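# Architecture at a glance
Chain by chain, the residues run as shown.
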Amino acid sequence: MTLYVGLGNPGPTYEKTRHNIGFRVIDRLVAETGARDISKKSFEGELYRQGSRFFLKPHTFMNLSGRSVRAVMNFYKIPLEDLVVIHDDIDLPLGTVRYKIGGSSGGHNGLRSIDAEVGREYLRVRLGVGKPPHKGEVVSYVLSPFTPEEEATVERIVAFAAEVCLKIPELDISELKSRYSLKASPRDD
């Protein structure tokens, strides 16, 4: 079994924000696989299943995402090595997709919450959303929507990330890094 978790915040206010790019990948995966909703109140999020694949959008808001992830992992006995977390990354340029296992949260509160609840050694699909002009603007930046000009790039990396996510159970991390990383094109910077 594989649990794919897209990080974001619930509600229409946050729907198109940079912080919700993980939710957008989950929406795409659910649509492409025909997964069915199996949500329960105790999961604190939207949970979908298609065969041995689970797709989760925590509704705990970003800072408490780990609670939802832990609830699903415990209920379905999903081991940490079968967890894939898809999230925004301000340290990568818009249009970039990278993968890593473990490491620090890099200041990302959703990852920090998951690390505290279930551990760190899971696969992270990092989607570049670019940096704010000033370091003190991080919160307002990630909670702001993509510009209309950025949306084409966002759609491209959401589609790419969803496509690769479906291949993940058959790949190892070195193959992901060497064959499926996506660099921002110069026009996207």
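Before reading on, note that the structure itself is shown above.
Residues numbered from 1 in each chain as written. Predicted model: local features only at pLDDT ≥ 70, side-chain atom pairs only at ≥ 80, totals over all residues. Heavy atoms only, no water.

Looking only at helices and strands, the protein chain features six helices and seven strands. Listing every helix and strand of the protein chain by position from the N terminus yields β-α-β-β-β-α-β-β-α-β-α-α-α. For the protein chain, the C-alpha radius of gyration of 15 Å lies close to 16 Å, the compact-globule estimate for 189 residues. Reported as C-alpha extents along the three principal axes, the dimensions of the protein chain are approximately 45 × 35 × 30 Å. Among the 189 residues that make up the protein chain, the fraction classed as buried is 52%. A separation of at least 24 residues holds for 70% of the contacts in the protein chain among residues at least 6 apart in sequence. When the accessible surface of the protein chain is summed, it comes to about 8900 Å², and 52% of that surface belongs to carbon and sulfur atoms. (Helix = DSSP H or I, 4+ residues; strand = E, 2+ residues; numbered from the N terminus. Rg over C-alpha atoms; globule rule 2.2 N^0.38 Å. Buried < 20%, exposed > 50% of the residue type's maximum accessible area, 1.4 Å probe, protein only. Contact = heavy atoms within 4.5 Å. Areas by Shrake-Rupley, 256 points an atom, 1.4 Å probe, with all protein chains shown as cover.)

Take the sheet that holds strand β6 (residues 97-101) next. One open sheet holds the seven strands; their spatial order is β2-β3-β4-β1-β5-β7-β6, and the pairing between them is mixed. In this open sheet, the two strands that pair with only one neighbour each are β2 (36-37) and β6. Bridge count between strand β1 (residues 2-6) and strand β5 (residues 83-89): four bridges; the pairing is parallel. Bridge assignment links tyrosine 4 to a residue of β5, and that residue is valine 84. This element, helix α1 (residues 21-33), spans β1, β3 (45-50), β4 (53-58), β5 and β7 (123-128) of the sheet and lies at about 145° to β4. Strands β5 and β7 of the sheet are contacted by helix α3 (residues 109-118), whose axis makes an angle of about 155° with β5. (Pairing = 2+ DSSP bridges. Axes fitted to C-alpha atoms, helices over the stretch in contact; angles between N-to-C directions.)

What follows deals with the environment of histidine 59. Tracing the sequence through the fold places histidine 59 in the loop between β4 and α2 (65-76). Accessibility expressed as a relative area gives 33% for histidine 59, which makes it partly exposed. Between the alpha carbons of histidine 59 and isoleucine 78 there is a distance of 20 Å; along the sequence they are 19 residues apart. Contacts of histidine 59, omitting those with residues within four sequence positions, involve Pro10, Glu44, Gly45 and Glu46.

Time to look at the pattern of salt bridges. Inspection of the entire model under this criterion finds 13 salt bridges. Put simply, lysine 57 and aspartate 27 hold a salt bridge, and the shortest N to O gap is 2.7 Å. In this pair, lysine 57 sits in strand β4 while aspartate 27 sits in helix α1, placing the two residues 30 residues apart along the sequence. A relative accessible area of 8% places lysine 57 in the buried class. Aspartate 27 sits in the partly exposed class, given a relative accessible area of 39%. With a shortest N-O distance of 3.1 Å, aspartate 115 and arginine 124 are connected by a salt bridge. (Salt bridge = Lys/Arg side-chain N within 4 Å of Asp/Glu carboxyl O.)

So, on to α2. Residue pairs three or four apart in sequence face the same way in an α-helix, which turns once every 3.6 residues. Taking 1.5 Å as the rise per residue, α2 with twelve residues should run 16 Å; its terminal C-alpha atoms sit 17 Å apart, in good agreement. Where α2 is concerned, the buried positions are Ser65, Gly66, Ser68, Val69, Ala71, Val72, Met73 and Tyr76. Residues of α2 that are buried in the fold lie against β1, β3, β4, β5 and α3. Looking one or two places after α2, you find lysine 77, whose phi comes out positive at around 55°. (Expected span 1.5 Å × (residues − 1).)

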